[in-house]
Every structure is written in C-alpha cells, then in structure tokens.
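Here is what each chain is made of, one letter per residue.
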Amino acid sequence: MVRTNDLILRTMTVLISFILLGFAVYLLLAGHNAPGGGFVGGLMTSAAILLMYMAYGGEKALSKILPLNYRLLISIGLLIALVTGLGSFLFGQPFLSQTFGYFHFPIFGEVELATALLFDLGVYLTVIGVTLTIITNISEDR
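Residues numbered from 1 in each chain as written. Predicted model: local features only at pLDDT ≥ 70, side-chain atom pairs only at ≥ 80, totals over all residues. Heavy atoms only, no water.

Caption draft 1: Local environment of the overall build of the chain. Within the chain, the regular secondary structure consists of 5 helices and 2 strands. Going from the N terminus to the C terminus, the chain shows its helices and strands as α-α-α-α-β-β-α. Over its C-alpha atoms the chain spans a radius of gyration of 18 Å, topping by over 25% the 14 Å that the globule rule assigns to 142 residues. Considering the chain as a whole, with its 142 residues, one finds that 32% of them fall into the buried category. For the chain, the proportion of contacts with a sequence separation of at least 24, taken over those separated by at least 6, is 61%. (Helix = DSSP H or I, 4+ residues; strand = E, 2+ residues; numbered from the N terminus. Rg over C-alpha atoms; globule rule 2.2 N^0.38 Å. Buried < 20%, exposed > 50% of the residue type's maximum accessible area, 1.4 Å probe, protein only. Contact = heavy atoms within 4.5 Å.)

Next comes the structure, spelled out in structure tokens:
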C-alpha cells in the first residue's frame, strides 16, 4: 500500500469546505427572495462533504468526522417539505401556499421569516441525502 503525502489537500480542504458550507447556508437562507434555495444550497453542501470525503479517505474515515446517515436525511427532508405543504390546509389555503412575518430578535433586529424557508430546508436535506447516497454507492461499486 502506497501512502501519499496529502497534507496540502487536507489543509486546504478545511478552508475550502468552510467557505462552501458558509455559501451554502447563505444560498439556503436567501433562496425565497433571491436566486438560490434548498436545491442549490444542498448541492453546495454535498460538494463540501464530497471534498472532505476525497481528502480524508473512505467512508469509515469520514464517518468519524461527519457521522450522518444520508438515507435518513432523505426521509427527514421529504417529511419537512410535505408537512410544510400540508400545513397550509390548516389555514384554509391552497397546497404549498406561503406566508411571512417580521419578527424582532435581540441581536439581529427585525428579521423576515417565511414558510418558504421551511420548505427549502426540506429540499436542502433531501438533496444532500440523495446526492451523497448516489456518490457513495457509485464509489463503492467495484
């Protein structure tokens, strides 16, 4: 077994993954008012996790760093998106209707919160789960 010196890759992965994850959260939070949202944010998060997967080795090494069950993320994401869509029926509105309100938080001040953010969160988790499940299954195929 040949062991390579991947110190530069591992060092840069920490920085690049941090930037990718920060941008992914920005895309998720800005998605209901601007281009972005759960789908693009999920792809960016998947790219960051994939980069960590390549830098730190196989699934066993990555599971120590990031212990996630990707198939469970799919179910949780779909459940959040479905409940968000069905929640509009409680108020006599059509399926997937959204509403928003302005709330005051001590540090952030006046913040707009929309129900579309909950739907985007469901899409975000589903995209991460599906993308990483596909990539890990392909990488294990020999």
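Anyway, onward from the coordinates.
Caption draft 2: Region of interest: the packing of aromatic side chains. Throughout the structure, instances matching the rule amount to 3 aromatic pairs. With 6.2 Å between their ring centres and 20° between their planes, Phe23 and Tyr26 make a pair best called stacked. A residue pair is termed a helical-turn pair when its members lie 3 or 4 positions apart in one helix, as Phe23 and Tyr26 do in helix H1 (residues 7–30) at 3 residues. When its relative accessible area of 51% is taken as the criterion, Tyr26 is described as exposed. (Phe/Tyr/Trp six-rings, centres within 6.5 Å; stacked < 30°, edge-to-face > 60°.)

Caption draft 3: Geometry of the packing of helix H2 (residues 38–56) against helix H5 (residues 115–140). Across the interface, H2 lies against H5 with an axial gap of 8 Å and an inter-helix angle of 35°. As H2 runs across H5, the sense of the crossing is right-handed. Residue-level inspection shows Gly38, Phe39, Gly41, Gly42, Leu43, Thr45, Ser46, Ile49, Leu50 and Tyr53 of H2 in contact with H5, the latter providing Asp120, Val123, Tyr124, Val127, Ile128, Thr131, Leu132, Ile135, Thr136 and Ser139. (Axes fitted to C-alpha atoms, helices over the stretch in contact; angles between N-to-C directions. Left-handed = near helix turned anticlockwise from the far one by under 90°.)

Caption draft 4: View of the pairing of strand S2 (residues 109–114). When strand S1 (residues 100–105) meets S2, the two strands line up antiparallel, connected through 6 bridges. Across the sheet, the residue bridging to Tyr102 is Glu112, located in S2. Counted along the chain from S1 to the antiparallel partner S2, the turn is 3 residues long. (Pairing = 2+ DSSP bridges.)

Caption draft 5: Up close: a nonpolar patch on the surface. There is a patch of nonpolar side chains on the surface, built from Ile8, Met12, Leu15, Ile16, Phe18 and Ile19 and spanning about 640 Å² of accessible area. Tracing the sequence through the fold places Ile8 in helix H1. Of the residues examined, Ile8 reaches a relative accessible area of 68% and is grouped as exposed. (Patch = residues over 30% accessible without salt bridge, like charges linked within 9 Å, V, L, I, M, F, W, Y side chains within 5 Å. Areas by Shrake-Rupley, 256 points an atom, 1.4 Å probe, with all protein chains shown as cover. Salt bridge = Lys/Arg side-chain N within 4 Å of Asp/Glu carboxyl O.)

Caption draft 6: Structural detail: the side chain of Ser88. Note on placement: Ser88 falls in the loop between helix H4 (70–87) and S1. On the basis of relative accessibility, which here comes to 5%, the residue Ser88 falls in the buried class.

Caption draft 7: Seen up close, unusual backbone geometry. Notably, Leu96 is not glycine yet its phi reads approximately 65°, a positive angle. Looking at the secondary structure, you find Leu96 in the loop between H4 and S1. Classification of Leu96 as partly exposed rests on a relative accessible area of 40%.

Caption draft 8: Fine view of the packing of H1 against H2. Their axes nearest at 8 Å, the elements H1 and H2 cross at an angle of 170°. With respect to H2, the axis of H1 lies roughly antiparallel. Across from Leu9, Arg10, Thr13, Val14, Ile16, Ser17, Leu20, Leu21, Phe23, Ala24, Leu27 and Leu28 in H1, the residues of H2 making contact are Gly38, Val40, Gly41, Met44, Thr45, Ala47, Ala48, Leu51, Met52, Met54, Ala55 and Tyr56. Of the residues contributing to the contact of H1 with H2, the split by class is 18 nonpolar, 5 polar and 1 charged. (Parallel < 35°, antiparallel > 145°, perpendicular 65-115°, else oblique. Nonpolar A, V, L, I, M, F, W, Y, C, P; charged D, E, K, R; others polar.)

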